[in-house]
Amino acid sequence: ETEAVAPIDLLRRAGVSVATVGIGGKVIVGSHGIPVTADLTAENSLSDIEMLVLPGGMPGTTNLDKSQFCDGLLRAAAKNGAYIAAICAAPMVLGRRGLLEGREAVCFPGFEHELAGAKLSDRRVVRDGRIITGVGMGASLEFGLALVEIFCGKETAERIGGSVLAK
């Protein structure tokens, strides 16, 4: 749940318009029993996506990987040059679709074999072009601030990070 909520919170603090999408319903209950109410569901039409973020965790990552809706969003985002971000186990979804081929990436330890063609990094958060990956919940603030930096610049990311004592 933290891998989803922390980046959303940081992006919204920075003034970025964020819409959350529940695949499987409006209220998604995470693996630790915390319900999160999505702004939209898979039944909504989504267009003009600037960034798609996959929050990871289990079984959430498996659910994303099996979702035809998520697959369609990833293909459209890649085709249209949108940013694609994934944290924890979710980089697996990108790897299985060839989106990490030749790119530097990270994931939760134990999922490295799923990052087909990726150059594995020892950093906690990696941005390689329009792909951003993070290692897991412990890097949620760094991951979220990397997303803020994309939309609002380094200065805003540093200001937001300082305001939440992330740095």
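Check the entry above for the structure.
Residues numbered from 1 in each chain as written. Predicted model: local features only at pLDDT ≥ 70, side-chain atom pairs only at ≥ 80, totals over all residues. Heavy atoms only, no water.

*Asks:* Could you give an account of the pairing of strand β10 (residues 131–134), with specific residues and numbers?
*Replies:* Burial along β10 is two-sided: the residues Ile131 and Thr133 and Ile132 and Gly134 are all buried. Pairing between strand β6 (residues 83–87) and β10: four bridges, direction parallel. Across the sheet, residue Ala86 finds its bridge partner in β10, namely Thr133. In this structure, strand β9 (residues 125–128) lies alongside β10, joined through four bridges in antiparallel fashion. (Buried < 20%, exposed > 50% of the residue type's maximum accessible area, 1.4 Å probe, protein only. Helix = DSSP H or I, 4+ residues; strand = E, 2+ residues; numbered from the N terminus. Pairing = 2+ DSSP bridges.)

*Asks:* Any details on unusual backbone geometry? Residues and values, ideally.
*Replies:* Cis geometry is found at the peptide bond from Met58 to Pro59, where omega equals 10°. When you line up the elements, Pro59 lands in the loop between β5 (51–54) and α2 (60–66).

*Asks:* Report on the packing of aromatic side chains, specifying residues and quantitative values.
*Replies:* Taken as a whole and judged by the stated rule, the model has zero aromatic pairs. In this structure, Arg130 is placed above the aromatic ring of Tyr83, and the distance from its NZ or CZ to the ring centre is 4.2 Å. (Phe/Tyr/Trp six-rings, centres within 6.5 Å; stacked < 30°, edge-to-face > 60°. Lys NZ or Arg CZ within 6 Å of the ring centre and 35° of its normal.)

*Asks:* Report on the layout of surface pockets, specifying residues and quantitative values.
*Replies:* By volume, the largest pocket is sized at about 1400 Å³. Ala4, Thr20, Val21, Val53 and Pro55 are, among the 50 residues lining the largest pocket, the residues nearest its centre. Of all the elements in the fold, those that place two or more residues in the lining of the largest pocket are α1 (2–13), β1 (21–22), β2 (27–29), β3 (35–37), β5, α2 and α3 (68–80). Here the residues of the lining of the largest pocket are counted per class, giving 31 nonpolar, 15 polar and four charged. (1 Å grid on protein atoms, 1.4 Å probe; cavity = no way out; pocket = protein on both sides within 12 Å on 5 of 7 lines; lining within 4 Å. Points joined across faces, edges and corners; volume = space filled by probe spheres on them. Nonpolar A, V, L, I, M, F, W, Y, C, P; charged D, E, K, R; others polar.)

*Asks:* An account of the packing of helix α5 (residues 140–152) against helix α6 (residues 154–163) is requested, with residue identities and associated values reported.
*Replies:* At their nearest, the axes of α5 and α6 sit 7 Å apart, and the two run at 140° to each other. Taken as a pair, α5 and α6 cross one another with a handedness that is right-handed. Mapping the contact onto sequence places Leu145, Val148, Glu149 and Cys152 in α5 and Lys154, Thr156, Ala157, Ile160 and Gly161 in α6. (Axes fitted to C-alpha atoms, helices over the stretch in contact; angles between N-to-C directions. Left-handed = near helix turned anticlockwise from the far one by under 90°. Contact = heavy atoms within 4.5 Å.)

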